Each structure stands twice: as C-alpha cells, then as structure tokens.
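Structure assessment
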Amino acid sequence: MSNLGETIKRSPSVGWLLLLVVMAVVFVLGLIAAGITERKAEVAASVMNNVRVPIKSTAPTFVPSKDPSKEHDKMKVDIAKSDTGIDGRNDQWGVNYKREYDTWKKTRQTDFQSKYLGNNPEDVLTTRPNMVILWAGYAFSRDYSAPRGHWYTLHDMRKSLRTGTPGVGENKDMQPGTCWTCKSPDVPRMMQEIGPGKYYSSKWSELGPEIVNPLGCADCHDPKTMNLTISRPALVEAFKRRGQDVTKASPNEMRSLVCAQCHVEYYFAEGDNKYLTFPWDKGLTLEDMERYYDQTIFGDNQDKPYKDWVHALSKAPMLKAQHPDWELYTLGTHGKRGVSCADCHLPYKSEGGVKYTDHQIMSPLKNVSGVCQTCHRDSEEKLKSYVYDHQDKLLEIRNRVEDELAKAHIMTKVLLDSGKVTADSAEIKPVHKLLREAGWRWDFGVASHGAPFHAPVETARILSAALDRSLLAQIEVQKLFTANGISFSMPDIDTKAKAQAYIGLNMEKLRADKTEFMKTVVPAWIEKAKSAGKLTEPDLLDQYKSYDYEKDWREGEKGGEEAKKHAFSH
C-alpha cells in the first residue's frame, strides 16, 4: 500500500487513472444490478400481464364460526361468502400459468424408482403383509398403496377399498365426507357454499359429484396475486388453539405451511360430526399428541381417551397415525435451519429467461442436481448414498417392529380366544396399553412420507420405542400364557392373501363390489360434474372411459411383489 502511495505522489496521473478505473467498475456493477432488478420486475410483470382469462375465483377468507363446538370453543372458523366463489378447476389457471400447470400435470407420471420407493403403482400390503395384522379391524387392512403424485389424489381414493362401494347393491357409506378434505381444491369451494360443519358431517358419496378436480392451484394460491394462501380451516383452527395466527406467517414459512394443511397428523372430532382436527394443542411431538389423545375428554360422554378403532384380534383401543410429515420435518436438520418444503419439492426452473416453480411435486432424488446440489457440493452419487444409508438403517428397525408387533397382537388374540382372560379384564389392560403405544409409535414412524430423511434421529427414536413396547407386550402376554397353561405357535401370514384371510376379510367380494363401483358410480359422478360445469379438464373427463379396475389393482400387486424382491435384495 505504501508503494502505491509513493507512486501516486511521484506521478499524480496514476492516481487519477486508478480513480477512473474504480468509477468505471462501480458504474458497470450498478448497471448490472439495475439490469437484474429491472429484469426481475419485467418477469414478475410479464407473469401477471400474461393473464389471458381472468380467473373467476377468490382466496378463502376465514371468519369466526357461528357454531363453536364444546371441544374447541370459539376456535372454529368458517370460509366467508363472497361475490365470486372459489373455483377448483386447475385447467382454468393453466390458461394463464402454462409453465407451472404443465409441470403440475407431470405428477401424472409413474416413471421414477429410488432404492425403496418411487411414483409407480405399489401395493404396500403385498410388500409388507404384517401390516394387514397391525391394522386388523381398520380399513387400511383392506388396501394400502404407496403414495403417487397430486394428479392421482382423487382417483386413488375412489378406487381404494378403504372408501367402500356406496351405491352398489345394499352397500352404504363407510367413510365421511371429511375424507375428501386433502384431495381437491373443490373442498374449500364446498366449505364456502355449505359451511365446514355440514361438509364434514356429509357422507362420502354425497360429495362424489362435487369433489372432482385433483389437488392443485387453488389449494395453495390466491388467484388474484398468486401469493401462497391457506385454504383449509383445520390449520387455522389448530394455530388459533395454540395462540398463533397462521395468516401472519412469513413468505418463507408459507412455503411449508401450505403443505401443512394436509401433510400432518389429524383425527375426526365430535363423534358423528367428523370434524377435522389437528391434535397440536399440547405440542408437535409424538408424545405431545399422545398426551392429547390420552385425555379423558372423548367418547359419547366425553369421559374416555380417544381411539381410532378397536383392534380386531387383540381388542386393544388403537391410534392410527395419518401422515405427520410436517411435524417430523420441523424436528429435523432442514426444518430447524429454515429450509422449506418448497425448497426441495418445488424447486425453481428457468425457461426462456423466465424463472418459475416446478410443480411436479415428488421426491428430490429424481432431481438431485436441481435440488440438493444447489446447496450441497457433494456428488450426486454421494448425496443419494447419504439418504439410502439413513433409509437402510431405519427400515431395518421398522421391519423388526412389524414382525414383533404383529406377533404381539396375535399372541393376545390366542390369549383371549382361550377364554381364560377377557378383553375387559384388569389382567389385559397392561397389554392393551403397550399395544396402543407400540402401534402409535410404529405408525407415526412409517406413515410419515420421507421420515428417514426429514428427521432420521427422531424417527429412529420413535421406531426403537415401538420395538421396545412390542417386546414388552409379548412378555406380558407370555406371563398370562404360563399362568393359564396356554401354548402358542405363530400362524402362516407371510403373504397379503394369507394375512387377510386370517383376519376374516372376503377380498373377492370387496374387489367385485369395487369393480362395479368404478364402472357405474364414479363415471356417473364425473358426468354430473361435467354437466354442472365443475369439471372441464379433458383428461379428467375421459379418465374412466376405458378404465379397468382389475388391471389397475393387479398392477399394484405386481409393483408390491417387485418392491418386496427389491427390498430383500438389499
């Protein structure tokens, strides 16, 4: 520095030259910065200016409900009426936002397979028949398939054996209207029209002709500004009960909270009303929610703990975890560091100088370079190996839990069948408590999509606790076996068919009824929605014209068999 100063003293022209160079550099940098800012503004303006057809829809506005419940007094909300109602048709948005819409339509693709999962059809019960035993007496023992893209949210629900076949013969609804809630942008439309309470208490089939557009644009976006927005009352209500206003969330928080409208644990409150509720009043951990469910505030007389169902074999009062994805994500490294769901599942893309969000929501493992490597400098091979290493170790624990917990339920059945111990006796209560706790922990760990990646340490803790309680339940039953002179041998349940026969399911009848349902009832729903102008997407209008239900479920079973072989080979 001193040499430079001496040079300038000897020759002032050098100093002036240096000043001019610095000024030129600063000027050029200013032009570049201005150009970037201007380009961003142009892109933003072009996105909004390219609106060809104004979307005749509105974002939900939440107002206090006029019908507060006993369970959640003054916390319920309604969706306010508006001059322009909510329009759930995704293709109406696609006219204006073609790039985003075209990538959303790619959620229809079924061409990806990672080490353990993909987006292709897979019957998980075929892969892991122990799950039939673990869910005995619950609809999931009939049918449980691997999740696919948002394009399939309605189709996969209609064809599921879990939703029954209302309208076929004497068959009635086995599910409430609440089950549609996370499947379609038509849901907030119906809630606005008839109110959340009436919507939830409707029969599932009553809403069939109304809920016809798969999960899409209006579920997450304001049609006027394209800002992210909340469209489901349950999330608003859950935050209110925790003393928080979710509508005040930051833009980055919203990039995860729009997902938290659906990818969470929930239950149906208020008995026959089936009011969708998130059990977060005491916190977001597994134990927090378990404490919530264990309160003696449920049942007809509000004096019992909550239960989703009574296990058909062991008679234990069970909890069914749904998909606590967001809760587990908040406990993992990425969630704690502020990485949003959208950062990994809806990455940015560029096309023709325009930056936009890729709406083909799926595993980032299909796009490691465009997702993971925007932050991490490891090779694609290494990044995948880190994920697979977590999955390998956690699935080893999961598989052991499923073996031991299924055995514990069957042991309990044998004990009860002996007549030496009854389902309501004091002797069986410690067993039922352990089975409930083990089942809740197992289900919480496996039902969460991406748990081995989102929060591997927490998931390992949860599954290990499930294994512990499964073995403790076996010990308690074995004590009663010994005391009562009961012998035990494990039945052959190594395939889905054997397991379903063991718990008494008539799968032939269930599939025959579903075949008729998909052939007659569902096409009638689509035709009614078309006539009412509520469904206009050509591919959705034609989806059942040559649909073969038997071919569909057989492809799922084939995918399950392949996944079973694939997992075993690893």
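Residues numbered from 1 in each chain as written. Predicted model: local features only at pLDDT ≥ 70, side-chain atom pairs only at ≥ 80, totals over all residues. Heavy atoms only, no water.

1. Quick look at the overall build of the protein
For the protein, the helix and strand inventory stands at 24 helices and eight strands. Classification of the 570 residues of the protein by burial places 49% in the buried group. By sequence separation, contacts in the protein at least 24 residues apart represent 71% of the contacts at least 6 residues apart. Considering the protein, the positive charge centre built from 79 side chains and the negative charge centre built from 77 side chains are found 2 Å apart. (Helix = DSSP H or I, 4+ residues; strand = E, 2+ residues; numbered from the N terminus. Buried < 20%, exposed > 50% of the residue type's maximum accessible area, 1.4 Å probe, protein only. Contact = heavy atoms within 4.5 Å. Lys, Arg positive; Asp, Glu negative; His and termini not counted. Charge placed at Lys NZ, Arg CZ, Asp CG, Glu CD.)

2. Details of the packing of aromatic side chains
A complete count under the given rule lists 32 aromatic pairs for this structure. Taken together, the aromatic side chains of Tyr267, Tyr292, Tyr293, Phe298, Tyr306, Trp440 and Phe444 make up a single cluster linked through ring pairs. The aromatic ring of tyrosine 152 is capped on one face by arginine 148, whose charged end is 3.8 Å from the ring centroid. Over the aromatic face of tyrosine 348 sits the side chain of lysine 355, whose NZ or CZ is 4.3 Å from the ring centroid. (Phe/Tyr/Trp six-rings, centres within 6.5 Å; stacked < 30°, edge-to-face > 60°. Lys NZ or Arg CZ within 6 Å of the ring centre and 35° of its normal.)

3. What to know about the side chain of asparagine 90
On the secondary structure map, asparagine 90 appears in helix α3 (residues 90–94). Residue classification places asparagine 90 among the buried positions, given a relative accessible area of 3%. Within polar-contact distance, the side chain of asparagine 90 engages the backbone oxygen of proline 214 at 2.9 Å. Setting aside chain neighbours within four positions, we find asparagine 90 in contact with Tyr101, Trp104, Pro185, Asn213, Pro214, Leu215, Gly216 and Cys217. (Polar contact = N/O pair within 3.5 Å; in protein donor to acceptor, adjacent residues only side chain to side chain.)

4. Details of the pattern of salt bridges
Under the counting rule described, the total for this entry stands at 41 salt bridges. Here lysine 248 and aspartate 245 are joined by a salt bridge, their closest N and O atoms 3.0 Å apart. Taken together, the shared-partner salt bridges connect Asp186, Arg189, Glu193, Glu210 and Lys534 into one network. (Salt bridge = Lys/Arg side-chain N within 4 Å of Asp/Glu carboxyl O.)

5. Side note on unusual backbone geometry
The phi angle at methionine 226 is positive, at roughly 70°, despite the residue not being glycine. When you line up the elements, methionine 226 lands in the loop between α10 (217–220) and α11 (233–241). Take methionine 226: its relative accessible area is 19%, and that puts it in the buried class. Unusually for a residue other than glycine, glutamate 270 sits at a positive phi of about 65°. Among the residues examined, glutamate 270 registers a relative accessible area of 17% and is labelled buried.

6. Things to note about the side chain of arginine 128
Considering the arrangement of structural elements, one finds arginine 128 in the loop between α5 (124–127) and α6 (130–134). Arginine 128 has contacts with Arg398, Glu402 and Val446, leaving out every residue within four places of it along the chain.

7. Thoughts on the nonpolar core
Ranked by size, the top nonpolar core spans 74 residues in total, and within it Trp180, Phe278, Trp280 and Trp326 carry the most contacts. The element best represented in this core is helix α22 (residues 507–531), accounting for nine residues. Among residues more than four places away in sequence, those in contact with phenylalanine 278 are Ala234, Leu235, Ala238, Arg241, Ala260, Gln261, Val264, Glu265 and Tyr266. By size, the runner-up hydrophobic cluster in this structure holds 43 residues, among which are Val431, Val446, Leu467 and Ala499. (Core = buried A, V, L, I, M, F, W, Y, C linked by side-chain atoms within 4.5 Å.)

8. Thoughts on the packing of helix α17 (residues 380–417) against helix α20 (residues 456–484)
Contact geometry of α17 with α20 gives a least axis separation of 9 Å together with a crossing angle of 25°. When the axes of α17 and α20 are compared, the pair comes out roughly parallel. Remark: the crossing between α17 and α20 carries left-handed chirality. Here the residues of the contact of α17 with α20 are counted per class, giving 18 nonpolar, seven polar and four charged. (Axes fitted to C-alpha atoms, helices over the stretch in contact; angles between N-to-C directions. Parallel < 35°, antiparallel > 145°, perpendicular 65-115°, else oblique. Left-handed = near helix turned anticlockwise from the far one by under 90°. Nonpolar A, V, L, I, M, F, W, Y, C, P; charged D, E, K, R; others polar.)

9. Brief notes about the packing of helix α13 (residues 286–293) against helix α18 (residues 429–447)
Where α13 meets α18, the axes come as close as 11 Å, and the angle between the chain directions of the two elements is 135°. The angle between α13 and α18 falls in the class oblique. As α13 packs across α18, the resulting crossing turns out to be right-handed. Facing α13, whose interface residues are Leu286, Glu287, Met289, Glu290 and Tyr293, α18 presents Arg436, Glu437, Trp440, Arg441 and Phe444.

10. As for α22
A rise of 1.5 Å per residue sets the reference length of α22, with its 25 residues, at 36 Å; its end C-alpha atoms lie 35 Å apart and thus fit the reference within 8%. Of all the bends in α22, the greatest measures close to 40° and is centred on phenylalanine 517. The set of residues buried in α22 consists of Met507, Leu510, Arg511, Asp513, Lys514, Phe517, Met518, Val521, Val522, Trp525, Ile526 and Ala529. Following α22 by one or two positions, glycine 533 has its phi on the positive side, about 75°. (Expected span 1.5 Å × (residues − 1). Bend = angle between axes of the 7 residues up to and from the residue.)

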